[in-house]
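# Structure at a glance
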Amino acid sequence: MSLYPKVYRSLRRHWLYRFLFFLLGIVLLYAPFALLTRLVLWLTGTPLLPDVHRICMRMPIQWLAQPWMYGTMIEQPMYLGSVLVLPLAALFAGPLFCGWLCPAGGLTEYLSRLVPPRFQIDLAGKVNATPIRYGFTVGMMGASFVGANVCCSFCNFTHTQNIISGIFGDFTGQPPRLQRLHGLCPGVQPGGHRLPP
Amino acid sequence: MKRIGLWSLALLGFGFAIGFGLWAQSLFTKAELMHFSVNFPSEGRAETTSCCNVGGPWAREHGDDWNDYPAGGLLAYGDEGALVVDVGQQGLIKRTLQPGLISISSHWLRNVGTQPYRIQIEMDMCGLDMEWLTFEANWDQETQSSTRFIEPGDTFSMDWFFHIPTEQRNQATICAGELRILDADTGDLLTDLPVKIVNSKAG
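Starting afresh in each chain, residues are numbered from 1 along the sequence in its written order. Labels follow written order: the first chain is A, the first ligand is 1, and so on. Given that this is a predicted model, residues contribute local features only at a pLDDT of at least 70 and side-chain atom pairs are listed and counted only at 80 or more, while totals for whole chains, interfaces and linings are drawn from all residues.

## Regarding unusual backbone geometry
How we decide: Helix and strand assignments follow DSSP, with helices taken as H or I runs no shorter than four residues and strands as E runs no shorter than two, numbered in order from the N terminus.
For the bond from A31(A) to P32(A), the omega torsion is 10 degrees, close enough to zero to count as cis. By the secondary structure assignment, P32(A) is in the loop between helix 1 (7–29) and helix 2 (35–44). At the junction of F40(B) and P41(B), the peptide bond is cis and its omega measures out at -5 degrees in the coordinates. Considering the arrangement of structural elements, one finds P41(B) in the loop between strand 1 (34–40) and helix 2 (51–54). The backbone of L33(B) shows a phi angle near 45 degrees, a positive value even though the residue is not glycine. Within the secondary structure layout, L33(B) lies in the loop between helix 1 (2–28) and strand 1. One non-glycine residue, Q144(B), lies in positive phi territory at about 50 degrees. Following the sequence through the fold, Q144(B) ends up in the loop between strand 6 (139–140) and strand 7 (145–146).

Following this line, the structure appears as structure tokens:
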């Protein structure tokens with residue numbers, strides 16, 4: 001008896017396509033590749049090294065509740081990705097980024113596919129996740145008003161970048177290795193590239 | 001009734017974000033991956049720009065007549081003038097898995113002067129094994145200097161990682177060090193910031 005349902009077999013091709021897009025997302029946004037980020041940095045003349053943090057998808061959402069940060073977003077257009085580019089793209093192409101291209105989101109989904117459904121905690125149909133999701137988003141946007149930090153401290157993009165950096169090494173040519181346990185301590189992995197001491 | 005249920009779930013999500021955010025920030029400000037800002041030049045070492053011309057948080061949080069930058073700068077979170085990392089207040093996960101690696105970070109080494117500076121950075125930390133990390137493209141690690149001029153109001157970014165040997169971890173004061181920002185072209189000291197690593201649970 002198989003641990004996985006038969007329907008998985010018919011989904012294989014779909015998952016393969018999605019996995020290819022997952023890889024494309026890595027190539028476009030994550031160091032050591034970050035091809036899209038490199039292009040944006042070059043176009044905007046920004047003197048920073050490319051990794052997933054440069055086109056931040058989280059801080060701008062928090063800044064929507066902080067009108068004094070609007071100027072920063074306009075001065076540094078890379079911050080407009082999650083609040084302008086993705087919503088506009090969603091109007092025409094649906095959740096192209098979140099559903100197909102986002103490695104940080106895809107990683108957890110693909111990991112969950114490895115676990116047979118009978119061992120998964122499946123809340124679908126039992127709990128309505130939508131209000132929780134929107135409540136969390138509002139909490140994330142309002143966190144800074146009560147001295148809290150959510151968008152950077154629990155950044156799933158950082159964790160994914162750390163894993164990818166661990167696989168490929170970094171720009172300094174150090175051997176591939178798993179990077180430090182920033183994913184386990186609630187702080188910001190600032191990105192960038194380790195320098196020789 | 002259904003509406004109350006939906007709002008309850010939304011409140012749950014909201015509380016989840018705020019609760020974990022407060023927990024993260026409590027570690028973030030005293031023990032783990034502490035973030036701070038540094039303003040240079042300070043203490044009358046060179047002419048500075050009015051806070052409201054510098055922009056950013058300075059313009060937001062201070063009045064028009066305010067024109068004084070504390071020594072070492074204002075920390076992003078916590079007290080002014082000194083950075084104190086307390087390994088005794090690390091969270092359970094950090095304490096269990098990675099107690100000996102300390103990291104501090106400044107995304108806001110900010111030029112509050114009236115002229116552009118190319119900066120040199122010195123981190124004197126009692127000989128602790130140390131690594132530097134930056135996402136700045138214009139940085140020369142050999143001379144520990146920026147290779148671009150930082151315009152007034154503009155910032156530079158740097159992170160440091162310190163490895164604390166096991167035998168030193170239980171000292172009340174593990175290291176009383178210092179961060180110094182110098183003018184890379186003249187060697188003049190622009191500002192300094194005491195950096196202490198302590199263990200409040202030593203003993």
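## Things to note about the interface of chain A and chain B
What counts is decided by this rule: We call two residues in contact if the C-beta atoms placed from their backbones are at most 7 Å apart. Residue polarity follows a fixed list, in which Ala, Val, Leu, Ile, Met, Phe, Trp, Tyr, Cys and Pro are nonpolar, Asp, Glu, Lys and Arg are charged, and the others, Gly among them, are polar.
Facing 39 residues of chain A, the contacting portion of chain B comprises 42 residues. Of all the secondary structure elements, the ones that give two or more residues to the side of chain A that touches chain B are helix 8 (129–142) and strand 1 (193–195) of chain A. The element best represented in the side of chain A that touches chain B is helix 8 of chain A, accounting for 9 residues. Its residues assigned to classes, the side of chain A that touches chain B shows 24 nonpolar, 11 polar and 4 charged.

## Considerations on the pairing of strand 1 of chain B
Residues and elements named next belong to chain B. Heads up, the rule is: With C-beta atoms placed from the backbone, a residue counts as buried when 20 or more other C-beta atoms lie within 10 Å of its own, as exposed when 12 or fewer do, and as partly exposed for counts between those limits. Here, a strand pair is defined by DSSP locating no fewer than two bridges between the strands.
Counting buried residues in strand 1 gives 7 out of 7 residues, a clear majority hidden from the surface. Side chains of strand 1 alternate between two faces, with M34, F36, V38 and F40 and H35, S37 and N39 buried alike. Alignment of strand 1 against strand 3 (residues 101–111), held across 6 bridges, turns out to be parallel. Bridge assignment links F40 to a residue of strand 3, and that residue is N111.

## Thoughts on the environment of R58(A)
Residues and elements named next belong to chain A. Looking at the element boundaries, R58 is found in the loop between helix 2 and helix 3 (59–63). Taking the number of C-beta atoms within 10 Å as the measure of exposure, R58 has 19 and is therefore partly exposed. It is 9.6 Å that separates the C-alpha atoms of R58 and N156, two residues lying 98 residues apart in sequence. When near neighbours in sequence (up to four residues on either side) are disregarded, R58 contacts C151, C155 and F157.

## Re the nonpolar core
Rules: Think of a nonpolar core as buried Ala, Val, Leu, Ile, Met, Phe, Trp, Tyr and Cys residues, each tied to the set through C-beta atoms within 7 Å.
A17(B), V85(B), I119(B) and I181(B) are the most contacted members of the largest nonpolar core, which has 66 residues in total. The leading source of residues in this core is helix 1 of chain B, at 8 residues.

## A look at the environment of L193(B)
Residues and elements named next belong to chain B. Among the structural elements, L193 can be located in strand 10 (residues 189–198). Since 26 C-beta atoms lie within 10 Å of it, L193 is described here as buried. Separated by 38 residues in the primary sequence, L193 and T155 place their C-alpha atoms 16 Å from one another.

## Brief notes about the packing of helix 1 of chain A against helix 2 of chain A
Residue and element names in this part refer to chain A. Quick reminder of the rule: Axis lines are fitted through C-alpha atoms, for helices just across the contact stretch, and the angle between N-to-C directions can take any value from 0 to 180 degrees. Oblique is the label for every angle not falling under 35 degrees (roughly parallel), over 145 degrees (roughly antiparallel), or within 65 to 115 degrees (roughly perpendicular).
Relative orientation of the contacting elements helix 1 and helix 2 amounts to 30 degrees, with a least axis distance of 3 Å. What the angle tells us is that helix 1 and helix 2 run roughly parallel. Facing V27, L28 and L29 of helix 1, the residues of helix 2 in contact are L35, L36 and T37. Partitioned by chemical class, the residues of the contact of helix 1 with helix 2 number 5 nonpolar, 1 polar and no charged.

## Some thoughts on the confidence of the model for chain A
Short version of the rule: A score from 0 to 100, pLDDT tells how confident the predictor is in each residue.
Averaged over all residues, the pLDDT of chain A equals 82, while 85% of them reach at least 70. Predicted confidence for residues 171–197 of chain A stays below pLDDT 50, and this span has 85 contacts to residues more than four positions away or in other chains.

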